[in-house]
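# Summary of the model geometry
Okay, here's what each chain looks like letter by letter:
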Amino acid sequence: MNANEFLKELESRRSVRSYKSDPVPKELIERIVRAGTYAPTGMGRQSPVIVAVTDKAVRDSLSRLNASIMGSAGDPFYGAPAVLLVLADKTVPTCVYDGSLVMGELMHAAHALGLGSCWIHRAREEFETPEGKALLERLGLDPERYVGIGHCILGYANGPEPAPKPRKEGWVHWVE
Ligand SMILES: Cc1cc2nc3c(=O)[nH]c(=O)nc-3n(C[C@H](O)[C@H](O)[C@H](O)COP(=O)(O)O)c2cc1C
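Per chain, residue numbering runs from 1 following the sequence as it is written. Residue-level local features of this predicted model are given only where pLDDT is at least 70; pairs of side-chain atoms are given and counted only at 80 or more, and the full residue set underlies all totals for whole chains, interfaces and linings. As a rule here, side-chain values come from all non-hydrogen atoms in the structure, and water together with hydrogens is ignored.

Burial classes follow relative accessibility: with a 1.4 Å probe on protein chains only, a residue under 20% of its type's maximum area counts as buried, one over 50% as exposed, and anything between as partly exposed. Numbering of helices and strands runs from the N terminus, with a helix taken as a DSSP run of H or I at least four residues long and a strand as a DSSP run of E at least two residues long. Among the 8 residues that make up strand β2 (residues 82–89), 8 are buried, leaving the element largely enclosed by the rest of the structure. Residue alternation in β2 divides its side chains into two sets, Ala82, Leu84, Val86 and Ala88 and Val83, Leu85, Leu87 and Asp89, and both sets are buried. The pairing criterion for strands is at least two bridges between them, as found by DSSP. Direction of pairing for strand β1 (residues 48–53) relative to β2: antiparallel, over a ladder of 6 bridges. From the neighbouring strand, Ile50 faces β2, where its bridge partner is Val86. In terms of strand pairing, β2 meets strand β4 (residues 146–155) through 8 bridges, oriented antiparallel. By the bridge assignment for β4, Ala88 is matched with Val147.

Let's shift gears to the nonpolar core. If you look at the biggest cluster of nonpolar residues, it comprises 23 residues, and the most contacted ones within it are Val24, Ile29, Ile32, Leu84, Leu106, Cys152 and Leu154. At the level of elements, α2 (26–37), β2, α4 (95–112) and β4 are the ones that each hand at least two residues to this core. With 7 residues, the single largest contributor to this core is α4. Excluding residues that lie within four positions of it along the chain, Leu84 makes contacts with Ile29, Ile32, Val33, Ile50, Val51, Ala52, Leu106, Gly150, His151, Cys152 and Leu154. Val51, Leu62, Ile120 and Leu135 belong to the second-largest nonpolar core, a separate cluster that totals 19 residues. Definition of nonpolar core: a set of buried residues of the types Ala, Val, Leu, Ile, Met, Phe, Trp, Tyr and Cys, connected through side-chain atoms within 4.5 Å. The contact criterion used throughout is that any non-hydrogen atoms of two residues lie within 4.5 Å.

Read these as layout, nothing more, since geometry by itself doesn't imply function.
Written out as C-alpha cells, the structure reads:
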C-alpha cells in the first residue's frame, strides 16, 4: 500500500452502528489486537491491556452493564459479536492517552481488514462497578489497578459505512 492509499484508509474509517451476527474469525481479531499493541505509549510503558471478548455471555453482560450506566435497556454494542475492551494501568500518568491511542489503532486495523468498528464509551464507569471488578478479577487483572478506557466493538457491517460529516471550520491553525 502506498502513502496515498494509507491516508485514504485513515480517512475512510467510520463508526459502524449496525452489524451482522456473523462471528469475526479469530485470526482477524489476532491481527487487530496485535496492531493495538504497537500503539505508541508514554515512555514506552505499554500501560494498556486489551481484553478480546467473543464469548456471547460475557459480551452480553458487558452490554447490559454498559446500558445500565446510561439508564437504557438497549444494546449499546449495536449487535456487534466481538468487543475489544481497552483498560490501562492507573499508576501510569499517561494511561488515558495510551489507551485512547490503542483504541484508534484497533479501529483503523479493523477497517483495513474490512470490518466495522466503533468506540463505545463508559468503560471507566463499567469497571468501577462490583460486576465489572468481578470480571477483571476473573481475568486475573487487579480491578484497583486498571481504568476502563473504551470498548472497540467489531463485526461485519450490516450495510454501507455512513458518510463522514463535513469537517468543521477552524480544525487546523497554521503557524508559518
Ligand atoms: C471517546 C469516544 C467515545 C465514543 N462513544 C461512543 C458511544 O458510546 N457510542 C457510539 O455509538 N459512538 C461512540 N463514539 C463514536 C463517535 O460518535 C464517532 O467517532 C463520531 O460520531 C464520528 O464518527 P466517525 O467515527 O464515523 O468519524 C465515541 C467516540 C469517541 C472518540
